[in-house]
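# Geometric and topological summary
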Amino acid sequence: MTSQLDFFASSGKTASVSIGRSPARARGRQEEVPVDSEAMARHLESTGDYRILRKLQAPPIVKHPRPEFPRRGIILDTETTGLNYRSDEIIEIGLVAFTFNDDGQIGDVTDIYGGLQQPSVSIPPEITRLTRITDDMVAGQVIDRDRMNSLIEPADLIIAHNAGFDRPFCEAFSPVFVHKAWGCSVAEVDWSARGFEGSKLGYLIGQSGYFHDGHRAVDDCFALLEVLALQRAPAVTTPFSELHAASQLSRVRIYAENSPFDMKDHLKARGYRWSDGSDGRPKSWWVELPEEKFDEELHFLRNEIYRWEADPPIRRLTAFDRFRAG
């Protein structure tokens, strides 16, 4: 897995360019003059005509983390053979362990792990195009569960960029993930309010002024940690602080079972999604809301959808329950 970290290798701060010494010697020998590449980038940016993307660098791994950050977090990413956790398999997992405090401030990176796993079937061509992971790369490879568990077991919070995808795959892969609190950097951060044009990791990295080699697990973990730690106007807090606060709150999921068919467009317009029952949820339209909005939503359902004092099924959720399948 060392190869996937190559792009984080430190690069020099200077570059060499060839310049002619004088017009008379334009066809003669040119000499190499060192140029401060960062100064060059700042100059181009100062003109207002250029935006510079800097290569994302991995933070150092700290053996003795600062005690003022006592909590332990994990940034997690998986690559899989497909989208269905019941039938598809993890082929790569990336983990970046870090510390944080109760105020939602990130401390130190304490460990990383990335591992490949050979699936029981050949990797589909479209997955190889997306991830650049081939059958040859995973041949004979097995994720080191002891190493993985050593990072996951002490974690207070696991964060994935689309936890609704990663959590079911991880729980199917190992029980170590089942009783953990999970956060989602897509669902629990209002990226639009922070001035971003989308929530895809590529957008977030690019608009933060960086580029990285995406769709490899550890690479994406480092990229996500960088974005979560940045404070960008007009926001006065970091994305991680927002996510951490959201993970502390209870939410409620309401299932509008047996709602009138002709009300489906009203439910959809209000943000309800349809479950066909195959994922363990009731066959119904459903929505997930902050706990404090439950009474308002129940009033809406009773007065505008059912037209009677209905008591639709509900499920209260914490970070230990959210983003599970079903």
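Scroll up to find the structure.
This section reports on the structure supplied with the text. (Residues numbered from 1 in each chain as written. Predicted model: local features only at pLDDT ≥ 70, side-chain atom pairs only at ≥ 80, totals over all residues. Heavy atoms only, no water.)

## Looking at the overall build of the protein
- Check the secondary structure of the protein and you find ten helices and 13 strands.
- A separation of at least 24 residues holds for 67% of the contacts in the protein among residues at least 6 apart in sequence.
- In the form shown here, the protein has an accessible surface area of approximately 17,800 Å², with 51% of it arising from carbon and sulfur atoms. (Helix = DSSP H or I, 4+ residues; strand = E, 2+ residues; numbered from the N terminus. Contact = heavy atoms within 4.5 Å. Areas by Shrake-Rupley, 256 points an atom, 1.4 Å probe, with all protein chains shown as cover.)

## Remarks on the pairing of strand E6 (residues 106–116)
- With eight of its eleven residues buried, E6 lies for the most part within the structure.
- The pairing of strand E5 (residues 90–100) with E6 spans eight bridges and is antiparallel. Directly across from isoleucine 93, in E6, lies its bridge partner glycine 115.
- Here E5 folds back onto E6, and the loop between the two strands holds five residues, one of which, glycine 104, carries a positive phi near 80°. (Buried < 20%, exposed > 50% of the residue type's maximum accessible area, 1.4 Å probe, protein only. Pairing = 2+ DSSP bridges.)

## So, the packing of aromatic side chains
- Scanning the entire structure with this criterion turns up eight aromatic pairs.
- Ring plane angle 40° and centroid distance 5.9 Å describe the contact between phenylalanine 98 and phenylalanine 100, whose orientation is recorded as tilted. Phenylalanine 100 shares its class with phenylalanine 98; the two are buried.
- Seen from their ring centres, phenylalanine 98 and phenylalanine 240 are 5.7 Å apart, and the 80° between their planes marks the pair as edge-to-face. Of this pair, phenylalanine 98 sits in strand E5 while phenylalanine 240 is found in helix H8 (residues 239–247), placing the two residues 142 residues apart along the sequence. Take phenylalanine 98 and phenylalanine 240: they sit in the same class, and that class is buried. (Phe/Tyr/Trp six-rings, centres within 6.5 Å; stacked < 30°, edge-to-face > 60°.)

## A word on the pattern of salt bridges
- Counted according to the given criterion, the structure contains 20 salt bridges.
- Among the ionic pairs, lysine 264 bridges to aspartate 265, the shortest N-O distance being 3.4 Å.
- For glutamate 288, the salt bridge goes to arginine 322, with nearest N and O atoms at 2.5 Å. Taken as a pair, glutamate 288 in strand E12 (residues 284–290) and arginine 322 in the segment after strand E13 (314–317) lie far apart in primary sequence, 34 residues in all.
- Given the relative accessible area of 7%, arginine 322 is considered buried.
- Each of the salt bridges in this network shares a partner with another, and the network as a whole consists of Glu188, Arg251, Arg253, Glu288 and Arg322. (Salt bridge = Lys/Arg side-chain N within 4 Å of Asp/Glu carboxyl O.)

## A few points about the sheet that holds strand E7 (residues 157–160)
- A sheet is described by the order of its strands in space; here five strands give the open sequence E6-E5-E4-E7-E8, paired in mixed fashion. The sheet terminates laterally at E6 and strand E8 (182–184), the two strands that pair on one side only. Looking at each pair of strands side by side, their axes are set apart by 25° on average, direction ignored.
- The pairing of strand E4 (residues 71–80) with E5 spans ten bridges and is antiparallel. Following the sheet pairing, threonine 80 is matched in E5 by isoleucine 90.
- Of the strands in this sheet, E4, E5, E6 and E7 touch helix H4 (residues 145–152), which is tilted by about 160° from E6.
- Across the sheet, helix H7 (residues 217–229) is in contact with E4, E5, E6 and E7; its angle to E5 comes to roughly 30°. (Axes fitted to C-alpha atoms, helices over the stretch in contact; angles between N-to-C directions.)

## Section: the layout of surface pockets
- Of the pockets and cavities examined, the second largest pocket occupies roughly 500 Å³.
- For the second largest pocket, the lining is made up of 22 residues, of which Gly164, Arg273, Arg281, Trp286 and Phe323 are closest to its centre.
- The set of elements that each furnish at least two residues to the lining of the second largest pocket consists of helix H5 (163–173), strand E10 (251–256) and E12.
- The greatest single-element share of the lining of the second largest pocket, amounting to three residues, is contributed by H5.
- Grouping the amino acids of the lining of the second largest pocket by side-chain chemistry returns nine nonpolar, four polar and nine charged. (1 Å grid on protein atoms, 1.4 Å probe; cavity = no way out; pocket = protein on both sides within 12 Å on 5 of 7 lines; lining within 4 Å. Points joined across faces, edges and corners; volume = space filled by probe spheres on them. Nonpolar A, V, L, I, M, F, W, Y, C, P; charged D, E, K, R; others polar.)

## Let's talk about the side chain of asparagine 101
- Its place among the elements puts asparagine 101 in the loop between E5 and E6.
- In terms of polar contacts, asparagine 101 uses its side chain to reach the side chain of glutamine 105, at 2.8 Å.
- Every residue in contact with asparagine 101, bar those within four places of it in the chain, is listed here: Glu68, Phe69, Pro70, Arg71 and His244. (Polar contact = N/O pair within 3.5 Å; in protein donor to acceptor, adjacent residues only side chain to side chain.)

## Some remarks on the sheet that holds E13
- Taken in spatial order, the four strands line up as E11-E12-E10-E13 in an open sheet, and their pairing is antiparallel. Each end of this open sheet is capped by a strand with a single partner; those strands are strand E11 (273–275) and E13. Adjacent strand axes in the sheet meet at a mean angle of 30°, parallel and antiparallel pairs treated alike.
- Pairing between E10 and E13: four bridges, direction antiparallel. Its bridge partner lying in E13, isoleucine 254 is registered against isoleucine 314.
- Of the strands in this sheet, E10, E12 and E13 are in contact with helix H10 (residues 294–306), which crosses E10 at around 10°.

## Description of the nonpolar core
- Grouped together as the largest cluster of nonpolar side chains are 27 residues, with contacts concentrated most on Ile75, Val96, Phe98, Ile159, Trp191 and Leu228.
- When contributions to this core are tallied by element, the ones reaching two or more residues are E5, E6, E7, helix H6 (201–207), H7 and H8.
- Aside from chain neighbours lying at most four places away, what touches isoleucine 159 is Ile74, Ile75, Leu76, Phe98, Gly183, Ser185, Leu224, Leu228, Phe240 and Leu243. (Core = buried A, V, L, I, M, F, W, Y, C linked by side-chain atoms within 4.5 Å.)

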